[in-house]
Amino acid sequence: MTTVAASSSKSMEQALFGKPTKAKSIERVVFWMFRLATYFVLLCAAVIFVDIFYKGGKTLFESEFPFVNLEFLSESPQTLHVFEYDGQQYELSDTKFREFKETIDETIVTETYAYSGGGIWPCIVGTLLLVLGAMLIALTLGVLSAIFLSEYSRPGKILNSVRLSILNLAGVPSIVFGIFGMGMFVLAFGWNVSLIAGWFTLALMVLPIVISASEESMRAIPQGLRDASLALGATKWTTIRTNVLPYAMPGILTSSIIGVARVAGETAPIMFTAAYALRDQLPWQGLEHWYDFFFQGVMALPYHIYVVSAKIPQNEFTSRMQYGTAFVFLFIVAGIALASILMRIRMRKKYRW
């Protein structure tokens, strides 16, 4: 009975959808190729994240109270001293090694490893400042440009050329933006390697993404909302401010999420314009004038990872610093992106049409 029912079901399926054809077989193969490619990408990403979280977690977390390596999060990068004294193995940063030497009256021979001791606090501060400043500039210029292109410009060849130029600009390699930033802001404007030079270089790099995403969000707003506002006597700017921008805000925040990830992760632009390999003071320390804050270089997490990975001899101590820095870096980027996602969800619930 079961065999007869299955045969009947198959006959009905063939009657409804027809017999398998060559085109359907090819479509099924292509579908599985897409599925396997997606699974492969997800698997690669999972392996990378698990590797960073596992090895970086060993640097960041400890088995004893307070369970977090506060020295790693609160101090500057230093040279690591590794030595044996009185039958015990020591691994001390430069500051702690000097304090240790003052307690004993002996000469100690140590093995030293550059950038493998201390922590990454100045790198965290520099990365946050670069991201916040660059995104503030990029969102301001990008949204204003998107408003002009979407609401005030007239359709035509010139507008199409401008949009095509913006899209092409998004594909320019980041190293080119770094060289442009060095030539324009560092040398021509005389800002030197500074925070403000890094801000404008990074902002120009993500500006095409912000403009394109913001303009598409505004063009997706139904024309009826604009017409209703204008029919009630509102000016065009009032209409844009009250009936276009609030509803387009989720799309603008989406562009900011993409921009944050790119600004925080780029190394090439900041190595020419804003980043130092090592700086003893934080950006707000040792200032003669308040505006000196903007004209000094900073340390940054991606550049620090580059230095400890490619510019110094590799060993187990530098590997520990690399994975710990990468772990904190991913956590910060995820935190900023999560804040933007929560804001986007809140805006979508508030503004619906």
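These figures come from a predicted structure and were not determined experimentally.

Enquirer: Help me understand the sheet that holds strand E1 (residues 77-85) in this model?
Expert: Adjacent strands of a sheet pair through backbone hydrogen bonds, lying either parallel or antiparallel. The strand order across the open sheet built from three strands is E2-E1-E3, with neighbouring strands paired in antiparallel fashion. Edge strands, defined here as strands with exactly one partner in the open sheet, are strand E2 (88-93) and strand E3 (111-118). In this sheet, neighbouring strand axes are inclined to one another by 30° on average, regardless of whether the strands run parallel or antiparallel. Taken strand by strand, helix H4 (residues 94-103) contacts E1 and E2, and its axis lies near 125° from that of E2. Strands E1, E2 and E3 of the sheet are contacted by helix H13 (residues 316-350), whose axis makes an angle of about 10° with E3.

Enquirer: What's the story with helix H8 (residues 195-219) in this structure? I'm lost.
Expert: Each turn of an α-helix holds 3.6 residues, which means side chains three or four residues apart point in the same direction. With 25 residues, H8 extends 35 Å from end C-alpha to end C-alpha; this agrees with the ideal 36 Å at 1.5 Å per step. Val206 marks where H8 bends most, by close to 45°; the proline Pro208 follows one to four residues later. Most of H8 is tucked away, with 19 of its 25 residues classed as buried.

Enquirer: What am I meant to see in the packing of aromatic side chains here?
Expert: How two aromatic rings sit relative to each other is set out by the distance from centre to centre and by the angle between their planes. Counting across every chain of the model gives 22 aromatic pairs. Considering the side-chain rings of Phe61 and Phe327, the 5.9 Å spacing of their centres and the 85° angle between planes classify their relative orientation as edge-to-face. In this pair, Phe61 is assigned in the loop between helix H2 (22-60) and helix H3 (70-74) and Phe327 in helix H13, connecting sequence segments 266 residues apart. Given a relative accessible area of 12%, Phe327 falls into the buried group. Pairwise contacts between aromatic rings join Phe83, Tyr85, Tyr90, Phe97 and Phe100 into one cluster. Over the ring of Trp32 we find Arg35, and its NZ or CZ is 4.8 Å from the ring centre.

Enquirer: Is there a simple way to explain the environment of Ala213 in this structure?
Expert: Positionally, Ala213 belongs in helix H8. For Ala213 and Ile252, which are 39 residues apart along the polypeptide, the C-alpha to C-alpha distance reads 6.3 Å. Apart from the residues within four sequence positions on either side, Ala213 is in contact with Gly251 and Ser255.

Enquirer: What is the right way to read the nonpolar core from this model?
Expert: Most often, soluble globular proteins have nonpolar side chains that are buried together. The biggest cluster of nonpolar side chains holds 52 residues, and the ones touching the most others in it are Ile120, Leu130 and Ile270. Secondary-structure elements contributing two or more residues to this core are H2, helix H5 (121-152), helix H7 (174-188), H8, helix H10 (236-265), helix H12 (301-310) and H13. Sequence-distant contacts of Leu130, defined by excluding residues within four places in its chain, comprise Leu195, Gly198, Trp199, Leu202, Val263, Ile270, Ala274, Val298 and Ala300. The next biggest cluster of nonpolar side chains, apart from the first, holds 11 residues, and it includes Met218, Val244, Tyr247 and Ile252.

Enquirer: Can you walk me through the confidence of the model for the chain in this structure?
Expert: Low pLDDT means the predicted coordinates in that region are not meant to be read closely. Within the chain, residue pLDDT values average 87, and 94% of them lie at 70 or more. Confidence, read as mean pLDDT per element, is least for helix H1 (residues 2-17) in the chain (55) and greatest for H7 (93).

Enquirer: Help me understand the pairing of E2 in this model?
Expert: Regular strands have side chains that alternate between both faces of the sheet. Pairing between E1 and E2: six bridges, direction antiparallel. Residue pairing across strands places Tyr85 opposite Gln88, the latter belonging to E2. A loop of two residues connects E1 with E2, the two strands running antiparallel in sequence, and Asp86 in this loop sits at a positive phi of about 55°.

Enquirer: Even after reading the chapter, I still don't get unusual backbone geometry, so can you show me in this structure?
Expert: Note the cis peptide between Phe65 and Pro66, where omega equals 10°. With phi around 60°, Tyr115 is a residue other than glycine that occupies positive phi space. Mapping Tyr115 onto the fold places it in strand E3.

Enquirer: Could you clarify how one ought to interpret the packing of H5 against H8 in this entry?
Expert: Packed helix pairs are specified by the crossing angle of their axes together with the interaxial distance, meaning the distance between the axes. With their axes 6 Å apart at the nearest point, H5 and H8 run at an angle of 40° to one another. Classed by the angle they form, the pair H5 and H8 counts as oblique. Where H5 crosses over H8, the handedness of that crossing is right-handed. Here the contact of H5 with H8 is built from residues that sort into 22 nonpolar, six polar and three charged.

Enquirer: Help me out: how do you make sense of the pattern of salt bridges in this one?
Expert: Side chains that differ in sign of charge can pair as their charged atoms come close. With the rule as written, the count across this model stands at nine salt bridges. In this structure, Glu71 and Lys96 form a salt bridge, with 3.3 Å as the shortest nitrogen-oxygen distance. Of this pair, Glu71 sits in helix H3 while Lys96 is found in helix H4, placing the two residues 25 residues apart along the sequence. Glu71 sits in the partly exposed class, given a relative accessible area of 23%. The salt bridge involving Glu266 is made with Arg262; its shortest N-O contact spans 3.4 Å. Judged on exposure class, the residue Glu266 and its partner Arg262 are both buried. One continuous salt-bridge network, built from bridges that share partners, spans Arg163, Glu215, Glu216 and Arg219.

Enquirer: What exactly am I supposed to notice about the environment of Met271 here?
Expert: The topology assignment puts Met271 in helix H11 (residues 268-273). Put simply, Met271 and Ala300 are 29 residues apart on the chain and 9.4 Å apart in space, counted from C-alpha to C-alpha. The residues contacting Met271, other than those within four sequence positions of it, are Tyr303 and Tyr306.

Enquirer: Before we go on, may I ask you to explain the packing of helix H9 (residues 223-231) against H10 in this structure?
Expert: It is at 9 Å that the axes of H9 and H10 come closest, and there the two elements cross at 145°. In the crossing of H9 with H10, the sense of the turn from one axis to the other is right-handed. Contacts between H9 and H10 pair Leu225, Arg226, Ser229 and Leu230 from the former with Lys236, Thr239, Asn243, Val244 and Tyr247 from the latter.

What counts and how
Residues numbered from 1 in each chain as written. Predicted model: local features only at pLDDT ≥ 70, side-chain atom pairs only at ≥ 80, totals over all residues. Heavy atoms only, no water. Pairing = 2+ DSSP bridges. Helix = DSSP H or I, 4+ residues; strand = E, 2+ residues; numbered from the N terminus. Axes fitted to C-alpha atoms, helices over the stretch in contact; angles between N-to-C directions. Contact = heavy atoms within 4.5 Å. Expected span 1.5 Å × (residues − 1). Bend = angle between axes of the 7 residues up to and from the residue. Buried < 20%, exposed > 50% of the residue type's maximum accessible area, 1.4 Å probe, protein only. Phe/Tyr/Trp six-rings, centres within 6.5 Å; stacked < 30°, edge-to-face > 60°. Lys NZ or Arg CZ within 6 Å of the ring centre and 35° of its normal. Core = buried A, V, L, I, M, F, W, Y, C linked by side-chain atoms within 4.5 Å. pLDDT = per-residue confidence, 0-100. Parallel < 35°, antiparallel > 145°, perpendicular 65-115°, else oblique. Left-handed = near helix turned anticlockwise from the far one by under 90°. Nonpolar A, V, L, I, M, F, W, Y, C, P; charged D, E, K, R; others polar. Salt bridge = Lys/Arg side-chain N within 4 Å of Asp/Glu carboxyl O.

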